Amino acid sequence: MLKIFLTDLAAYNNGYLVGEWLTLPLETEELEANIKEILAKGEELCGDRFSDEFFITDYEWEDVSIFSVDEYENIYTLNEKIKLIEESIEPWQHRIVKVLLDNGLVNTLEDAIDKVDEVVVYENSTMADIVEQYIEEYTDLNAYHPLIVAHIDYEGIGRDLELEGNFFRENSDIFQFLG
């Protein structure tokens with residue numbers, strides 16, 4: 001889900017890039033073993049010094065970049081966040097969590113996960129498409145003269161709806177926050 005390059009800080013400060021790509025989430029024991037292994041390699045290169053400091057020099061998400069990762073982020077907290085994501089939501093919902101976080105609709109990852117069901121996703125849609133769908137669903141257009149129907153400004157209504165602050169674009173998809 002999330003790959004991080006974990007680097008020995010002391011070795012890095014001595015001119016060596018000692019680290020390893022880890023795929024989170026990991027069991028705590030496995031994570032600790034990987035950290036010890038990285039630090040041991042750094043100690044071997046730098047001589048008789050022991051350091052328990054490490055940092056994240058790079059990261060990449062498997063599919064959706066849900067949030068950014070700071071280089072000095074607590075690795076155990078980060079691992080728990082990734083576990084929470086994997087255990088709580090389906091992969092297709094990762095984009096929803098990202099939109100909720102990126103647009104300030106929630107304050108925490110936990111809140112985003114809780115509000116996933118309050119978001120409607122319109123894939124490969126425009127606001128005009130959404131407006132047209134709404135009007136067809138809630139109005140009997142056959143009750144109006146065809147000239148009137150032909151002059152409905154779907155784009156204009158779509159812009160107005162978007163300005164209300166409940167619709168958010170992400171690539172070619174539109175997300176509607178109902179909460």
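All of these numbers come straight from a predicted model, not from anything done at the bench.

Peer 1: Help me understand the overall build of the protein, please; the structure alone is not making it clear to me.
Peer 2: A tally of regular secondary structure across the protein gives eight helices and six strands. Shown N-terminal to C-terminal, the secondary structure of the protein runs as helices and strands in the order β-α-β-α-β-α-α-α-β-α-α-α-β-β. In terms of overall dimensions, the protein is more spread out than a globule: its C-alpha atoms have a radius of gyration of 24 Å, far above the 16 Å expected for 179 residues. If one aligns the C-alpha atoms of the protein with their principal axes, the spans along those axes are about 85 × 30 × 20 Å. With 179 residues in all, the protein has 39% of them scored as buried. Across the protein, contacts joining residues at least 24 apart in sequence account for 60% of those joining residues at least 6 apart. For the protein, the accessible area works out to roughly 10800 Å², and carbon and sulfur atoms hold 46% of it. Each charge class in the protein can be summarised by its mean position, and for the 11 positive and 42 negative side chains these summaries are 4 Å apart.

Peer 1: Would you mind showing me how to read the sheet that holds strand 4 (residues 119-122) here?
Peer 2: Sheet strands pair via backbone hydrogen bonds, and the direction of the pair is either parallel or antiparallel. Here we have three strands laid out as an open sheet, ordered 4-6-5, and antiparallel in their pairing. At either end of the open sheet lies a strand with only one pairing partner, and these are strand 4 and strand 5 (167-170). Ignoring strand direction, the axes of neighbouring strands in this sheet form an average angle of 25°. Where strand 4 and strand 6 (residues 173-177) come together, four bridges link them in antiparallel fashion.

Here is what the cut-offs are and how they apply
Residues numbered from 1 in each chain as written. Predicted model: local features only at pLDDT ≥ 70, side-chain atom pairs only at ≥ 80, totals over all residues. Heavy atoms only, no water. Helix = DSSP H or I, 4+ residues; strand = E, 2+ residues; numbered from the N terminus. Rg over C-alpha atoms; globule rule 2.2 N^0.38 Å. Buried < 20%, exposed > 50% of the residue type's maximum accessible area, 1.4 Å probe, protein only. Contact = heavy atoms within 4.5 Å. Areas by Shrake-Rupley, 256 points an atom, 1.4 Å probe, with all protein chains shown as cover. Lys, Arg positive; Asp, Glu negative; His and termini not counted. Charge placed at Lys NZ, Arg CZ, Asp CG, Glu CD. Pairing = 2+ DSSP bridges. Axes fitted to C-alpha atoms, helices over the stretch in contact; angles between N-to-C directions.

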